[in-house]
Amino acid sequence: MKVNISIARSVEMPVCFERARSLLDDYESTIRRFPKLRKLTPLDRQSYLWEMAPIGSKAAGISHEVRYAARFEVDADAGELSWSPLPRHGNAVIEGRMRIQPRGAGSRLSFDVRGELHDVPVPLMYRLVAPPFIQGKFTRLVDVFLEQTRDALA
């Protein structure tokens, strides 16, 4: 089954824009904070293959090990890290961006991601509820990533 995801989340950070922008200097370390990321393999200087631990519910028979590749680009002046999918890698096509914006004495970290998960094994009886369930699981992973990233800077 194919499942679409679209997530937009943000968190306020108690550090100034310049300090928060340091997340982009070593973005590989930043993205390694993503929960359930089992392996991050460099494909070249700006591209990585993501391999995640299973996401879903074993009890419901909905469990998927997401694998995808993306090319990352940094625009440090704008405080933005974006990624675009690389074809023919894994079982998902995912794109997005992480943006840091000044907010008074602090900053805001935003994370937007969208894509398709392919070949998600879903029992027939759960086909209607699987997409929002999987979207919810991914949304929680993004929230944990944002919280851990904020806490790492505090």
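Model, not experiment: these values are computed from the prediction. (Residues numbered from 1 in each chain as written. Predicted model: local features only at pLDDT ≥ 70, side-chain atom pairs only at ≥ 80, totals over all residues. Heavy atoms only, no water.)

**Section: the overall build of the chain**
Applied cut-off: Helix and strand assignments follow DSSP, with helices taken as H or I runs no shorter than four residues and strands as E runs no shorter than two, numbered in order from the N terminus. For the radius of gyration, the atom set is restricted to C-alpha positions; the globular benchmark scales as 2.2 Å times the number of residues to the power 0.38. Throughout this description, buried means an accessible area under 20% of the type-specific maximum (1.4 Å probe, protein chains only), exposed means over 50%, and partly exposed covers the range between. The contact definition used throughout considers only heavy atoms, calling two residues in contact when any of these lie within 4.5 Å. Each accessible area value is a Shrake-Rupley result obtained with a 1.4 Å probe; residue values ignore everything except the protein chains displayed when judging cover.
When helices and strands are tallied, the chain shows four helices and nine strands. Listed by position from the N terminus, the elements making up the chain come as β-α-α-α-β-β-β-β-β-β-β-β-α. Against the globule reference of 15 Å for 154 residues, the chain gives a C-alpha radius of gyration of 16 Å, in line with a compact fold. In terms of principal-axis extent, the alpha carbons of the chain reach across some 50 × 30 × 20 Å. Residues classed as buried in the chain amount to 43% of the 154 residues present. Contacts in the chain between residues far apart in sequence, at least 24 positions, make up 56% of those at least 6 positions apart. Summing over all exposed atoms, the chain offers an accessible surface of approximately 8,000 Å²; the carbon and sulfur share of this is 49%.

**Things to note about the environment of I62**
Residue placement: I62 occurs in strand β5 (residues 62-64). Placed 68 residues apart in sequence, I62 and A130 show a C-alpha to C-alpha distance of 7.6 Å. Ignoring sequence-local partners within four residues, the contact set of I62 consists of I55, G56, S57, P121, V122, P123, Y126, A130, F133 and I134.

**Things to note about the sheet that holds strand β2 (residues 37-42)**
Our working definition: Only strands that DSSP links by at least two bridges are regarded as paired with each other. In this analysis, axes come from line fits to C-alpha atoms, helices being fitted only over the stretch in contact, and the angle between any two N-to-C directions falls in the range 0 to 180 degrees.
Judged by pairing direction, the sheet is antiparallel, and its seven strands sit side by side in the order β1-β9-β8-β7-β6-β3-β2 without closing on themselves. The two strands at the open ends of the sheet, each matched to only one other strand, are β1 (3-13) and β2. Strand-to-strand, the axes of this sheet are offset by a mean angle of 20 degrees, without reference to chain direction. Pairing analysis gives seven bridges linking strand β6 (residues 67-75) to strand β7 (residues 80-90), with the strands arranged antiparallel. Note on β7: the bridge partner recorded for E73 is S82. Lying over the sheet, helix α4 (residues 130-153) contacts β1, β3 (47-52), β8 (92-103) and β9 (106-117), oriented at roughly 25 degrees with respect to β1.

**Description of the side chain of T149**
Note on placement: T149 falls in helix α4. By relative accessible area, which is 0% here, T149 ends up buried. The contact partners of T149, leaving out residues within four places of it in the chain, are L23, R33 and L109.

**Considering the packing of aromatic side chains**
We describe a pair of aromatic rings using the distance from one ring centre to the other and the angle between the two ring planes. Put simply, the test is: Stacked, edge-to-face and tilted are the three classes for Phe, Tyr and Trp ring pairs, Trp counted by its six-membered ring, which pair at centre distances within 6.5 Å; planes under 30 degrees apart are stacked, over 60 edge-to-face, the rest tilted.
Summed over the entire model, instances satisfying the criterion amount to ten aromatic pairs. For the ring pair Y27 and Y48, a centre distance of 6.3 Å and an interplane angle of 85 degrees mean the geometry is edge-to-face. Of this pair, Y27 sits in helix α3 (residues 27-31) while Y48 is found in strand β3, placing the two residues 21 residues apart along the sequence. Of the residues examined, Y27 reaches a relative accessible area of 12% and is grouped as buried. Here a set of aromatic residues connected by ring pairs shows up, and it is made of Y27, F34, Y48, W50, Y68, F72, W83, F111 and F145.

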